[in-house]
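Descriptive analysis of the structure
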Amino acid sequence: IQPYEKIKARGLPDNIASVLNKLVVVKLNGGLGTSMGCKGPKSLIGVRNENTFLDLTVQQIEHLNKSYNTDVPLVLMNSFNTDEDTKKILQKYSLSRVKIYTFNQSRYPRINKETLLPIAKDVSYSGENTECWYPPGHGDIYASFYNSGLLDNLIAEGKEYIFVSNIDNLGATVDLYILNHLMNPPNGKRCEFVMEVTNKTRADVKGGTLTQYENKLRLVEIAQVPKAHVDEFKSVSKFKIFNTNNLWIALSAIKRLQEKNAIDMEIIVNPKTLDGGLNVIQLETAVGAAIKSFENSLGINVPRSRFLPVKTTSDLLLVMSNLYSLNAGSLTMSEKREFPTVPLVKLGSSFTKVQDYLRRFESIPDMLELDHLTVSGDVTFGKNVSLKGTVIIIANHGDRIDIPAGALLENKIVSGNLRILDH
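The name that an unreviewed UniProt entry assigns to the protein is UTP--glucose-1-phosphate uridylyltransferase, with the source organism given as Eudromia elegans. UniProt, in the comment section headed Sequence similarities (unreviewed entry), describes the protein in these words: "Belongs to the UDPGP type 1 family."

**A closer look at unusual backbone geometry**
Despite not being glycine, Asn296 shows a phi value in the positive range, around 55 degrees. Structurally, Asn296 is set in the loop between strand E16 (279-284) and strand E17 (298-301).

**Details of the packing of aromatic side chains**
The way to describe two aromatic rings as a pair is by their centre distance and the angle between their planes. Tallied over the entire structure, the rule returns 11 aromatic pairs. Between Phe80 and Tyr125, the ring centres sit 4.6 Å apart and the planes meet at 70 degrees, which makes this aromatic pair edge-to-face. Of this pair, Phe80 sits in the loop between strand E5 (74-78) and helix H4 (83-90) while Tyr125 sits in the loop between strand E8 (111-112) and strand E9 (133-134); the two residues are 45 residues apart in sequence, bridging distant segments of the chain. Look at Phe242 and Phe307: their rings are 4.9 Å apart centre to centre, the planes differ by 75 degrees, and that puts the pair in the edge-to-face class.

**Thoughts on the UniProt feature "binding site: substrate" (unreviewed entry) in the protein**
When the UniProt feature table is mapped onto this chain, "binding site: substrate" (unreviewed entry) is found at His138. By the element assignment, His138 lies in the loop between E9 and helix H5 (141-147).

**What about the pattern of salt bridges?**
Counted by the stated rule, this structure contains 23 salt bridges. Arg256 is the salt-bridge partner of Glu192, the closest N and O atoms lying 2.8 Å from each other. A residue pair is termed long-range when its members are at least 10 positions apart, and Glu192 in the loop between helix H7 (176-183) and strand E11 (193-199) and Arg256 in helix H9 (residues 251-259) qualify at 64 residues. With relative accessibility at 13%, the residue Glu192 sits in the buried group. Classification of Arg256 as partly exposed rests on a relative accessible area of 29%. A salt bridge links Asp356 to Arg359; the shortest N-O distance between them is 3.3 Å. Pair noted here: Asp356 and Arg359 are both in helix H11 (residues 354-360), with a separation of three residues, about one helical turn. A network of salt bridges, in which partner residues are shared, links Arg218, Asp264, Glu266 and Lys292.

**Quick notes on the sheet that holds E11**
Strand order in this open sheet of eight strands is E1-E17-E11-E14-E10-E2-E5-E6, and the pairing throughout is mixed. Edge positions in the sheet fall to strand E1 (2-3) and strand E6 (100-104), since each of these pairs with one other strand and no more. In this sheet, E6 lies alongside E5 in parallel orientation, the contact comprising five bridges. Along E6, the bridge assignment pairs Leu74 with Ile100. Its contacts with the sheet put helix H3 (residues 53-68) on strand E2 (23-29), E5 and E6, and the angle it makes with E5 is roughly 155 degrees. Relative to the sheet, H9 contacts strand E10 (161-166) and strand E14 (241-250), its axis offset from that of E14 by approximately 85 degrees.

**With respect to the pairing of E16**
Two strands pair when backbone bridges link them, and E8 and E16 are joined in this way by two bridges, in the antiparallel orientation. Across the sheet, Asn112 pairs through a bridge with Val280, a residue of E16. In the sheet, strand E15 (residues 268-273) pairs with E16 via six bridges, with the strands oriented antiparallel. Residue pairing for E16: Thr273 is matched across the bridge by Asn279. Adjacent in sequence and paired antiparallel, E15 and E16 are bridged by five residues, among which Gly277 carries a positive phi angle near 95 degrees.

**Brief notes about the UniProt feature "binding site: UTP" (unreviewed entry) in the protein**
Mapped onto this numbering, the UniProt entry gives "binding site: UTP" (unreviewed entry) at Lys42, Gln105, Gly137, Asp168 and Lys311. Assignment of secondary structure puts Asp168 in the loop between E10 and H7. For Asp168, a relative accessible area of 7% puts it in the buried group. With respect to the element layout, Lys311 can be found in the loop between E17 and helix H10 (313-320). On the basis of relative accessibility, which here comes to 39%, the residue Lys311 falls in the partly exposed class. Sequence-distant contacts of Lys311, that is, excluding residues within four places in its chain, are made with Ser35, Met36, Lys42, Asn166 and Asp168. At 2.9 Å, the side chain of Lys311 and the side chain of Asp168 are in polar contact.

**Brief notes about H3**
Over its 16 residues, H3 runs 23 Å from end to end, which matches the ideal 22 Å to within 8%, given 1.5 Å per residue. Those residues of H3 lying buried are Phe53, Leu54, Asp55, Leu56, Thr57, Val58, Gln60, Ile61, Glu62, Leu64 and Asn65. One or two steps after H3, the chain reaches Asn69, where phi turns positive at roughly 55 degrees.

**A short note on the domain arrangement of the protein**
Its domain assignment divides the protein into domain 1 (1-304) and domain 2 (311-413). The centre of domain 1, based on its C-alpha atoms, is set 29 Å off from the matching centre of domain 2. Counting from both sides, the interface comprises 20 residues of domain 1 and, opposite them, 19 residues of domain 2. Of the roughly 1500 Å² buried between domain 1 and domain 2 on both sides combined, carbon and sulfur atoms contribute 59%. Counting across the domain 1 and domain 2 interface gives one salt bridge. Residue Asp168 pairs with Lys311 through a salt bridge whose shortest N-O separation is 2.9 Å. At the boundary of domain 1 with domain 2, the tally comes to six residue pairs in polar contact (both at pLDDT 80 or more). Mapped by element, the contributors of at least two residues to the side of domain 1 that touches domain 2 are strand E3 (46-48) and H3. Sort the elements by how many residues they give to the side of domain 1 that touches domain 2 and H3 lands first, with four residues. Tallied by class, residues from the side of domain 1 that touches domain 2 come to seven nonpolar, 10 polar and three charged.

What counts and how
- Within each chain, residue numbers correspond to sequence positions counted from 1 in written order.
- Residues qualify for local features only when their pLDDT is at least 70, as the model is predicted, and side-chain atom pairs are given and counted only at 80 or more; totals for whole chains, interfaces and linings, by contrast, use all residues.
- With hydrogens and water set aside, each side-chain value is computed from the structure's full complement of heavy atoms.
- UniProt positions are given in the numbering used here, feature names are shortened, and annotations may be inferred rather than shown by experiment.
- For the purposes of this entry, the term helix denotes a DSSP run of H or I that reaches at least four residues, the term strand denotes a run of E that reaches at least two, and both are numbered from the N terminus.
- Two rings belonging to Phe, Tyr or Trp (six-membered ring only in the last case) form a pair when the distance between their centres is within 6.5 Å. Interplanar angles under 30 degrees mark stacking, angles over 60 mark edge-to-face geometry, and anything in between is tilted.
- Salt bridge, as applied in this entry: a Lys or Arg side-chain nitrogen positioned within 4 Å of an Asp or Glu carboxyl oxygen.
- Under the scheme applied here, a residue whose accessible area is under 20% of the maximum for its type counts as buried, over 50% as exposed, and between as partly exposed, the area being computed with a 1.4 Å probe on protein chains only.
- Should DSSP find at least two bridges between two strands, the strands are regarded as paired.
- Should any heavy atoms of two residues lie within 4.5 Å, those residues are considered in contact.
- Each axis is a line fitted through C-alpha atoms, taken for helices only over the stretch in contact, and angles between the N-to-C directions span 0 to 180 degrees.
- Under this definition, polar contacts are N or O atom pairs within 3.5 Å; protein pairs additionally need one hydrogen-donor-capable and one acceptor-capable atom, and for neighbouring residues in sequence, both atoms have to be side-chain atoms.
- Here, expected helix span is obtained from the residue count minus one, scaled by 1.5 Å.
- Segmentation of the chain into domains, including their bounds, is taken from an automatic or database domain assignment.
- A simple way to read buried area is as the amount of 1.4 Å-probe accessible surface that goes missing from two parts once joined, with both sides added.
- Here the term charged refers only to Asp, Glu, Lys and Arg, the term nonpolar to Ala, Val, Leu, Ile, Met, Phe, Trp, Tyr, Cys and Pro, and the term polar to all other amino acids, Gly among them.

Structure follows, in structure tokens:
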């Protein structure tokens with residue numbers, strides 16, 4: 001695992017545009033916004049100044065193409081859940097300086113946990129049959145990309161590497177130093193697979209980690225860890241880094257391995273309960289698990305700023321706040337924050353859905369000096385509230401707390417009942 005500083009220290013060559021022209025950006029866009037209470041593709045949720053995840057991605061790549069006069073395309077891996085809605089929205093980018101391609105990942109049958117048989121009655125995907133199918137995780141990218149014909153087309157156009165990341169990771173921007181390291185390796189031998197890892201904090205107990213086994217790097221995910229060892233896996237002392245799922249992979253290597261059927265990924269068993277109470281099993285794979293099938297793979301320990309996922313409204317609060325400034329689709333931590341760590345924010349169940357969350361904040365609080373925020377119960381925030389240090393706000397069941405406009409809370413615990421009425 002190489003430190004990012006060492007890779008950055010090499011600097012950039014004069015011909016960075018010719019290196020960029022060999023790159024394709026791939027975003028994993030198969031997920032729905034259901035965990036945040038939204039219907040439709042997660043990539044269409046507004047995250048900053050009305051911009052969605054997809055808007056920010058297109059802005060980043062367009063900025064790159066304009067700055068360097070290059071032609072980096074964007075490829076979206078959709079699922080049958082997100083394809084139709086995504087394609088409708090793509091029309092709005094028809095005039096932007098980014099070529100956008102899509103392909104679909106596979107559709108697999110959910111399996112009845114008791115009988116181990118598919119629950120679908122036929123292969124249709126409509127009506128009551130919709131619940132019978134699922135997209136089998138992002139490890140499906142290799143086969144689906146290859147089968148779509150897009151992989152061959154991009155190779156024919158002279159593209160050499162893809163940069164793959166989750167569409168909800170706002171830190172996953174194209175890094176020219178890593179790209180240069182791939183295209184112009186110091187020892188002359190190119191890496192076929194680079195995984196960006198970053199140091200764990202207490203907030204990252206779930207991320208997969210890299211291990212070395214039989215001279216190959218391997219990804220170990222929490223779902224593969226026996227129950228008895230889960231705490232050990234989560235500890236910061238044993239595994240200090242985790243996978244950001246920002247990956248750089250050689251196109252020619254994907255083609256070679258796919259043709260030999262040589263990509264070997266561990267299967268993750270994901271148990272689910274459907275709305276009707278039926279227990280089913282989904283078999284999934286993770287894109288990073290293929291690292292052991294590639295030659296000369298490498299982990300790069302990148303700054304935490306390259307991992308800024310938005311999985312919950314607590315994450316959304318951080319990226320909407322003044323902790324970050326937005327420039328050409330990229331979010332960077334504000335220079336006004338004295339230390340670069342991100343505050344720990346925990347919003348309770350009243351904030352889970354995006355529409356509830358938005359209703360509870362008249363404006364996003366000033367969080368430049370915040371370390372920790374916990375909110376539980378029926379709480380609303382007025383305009384121009386400032387939060388500093390550690391702030392804990394707990395409204396007991398049946399109570400409501402309205403934080404008044406202009407309030408400054410610094411190292412405060414607020415509990416009980418506080419109603420502010422308009423007159």
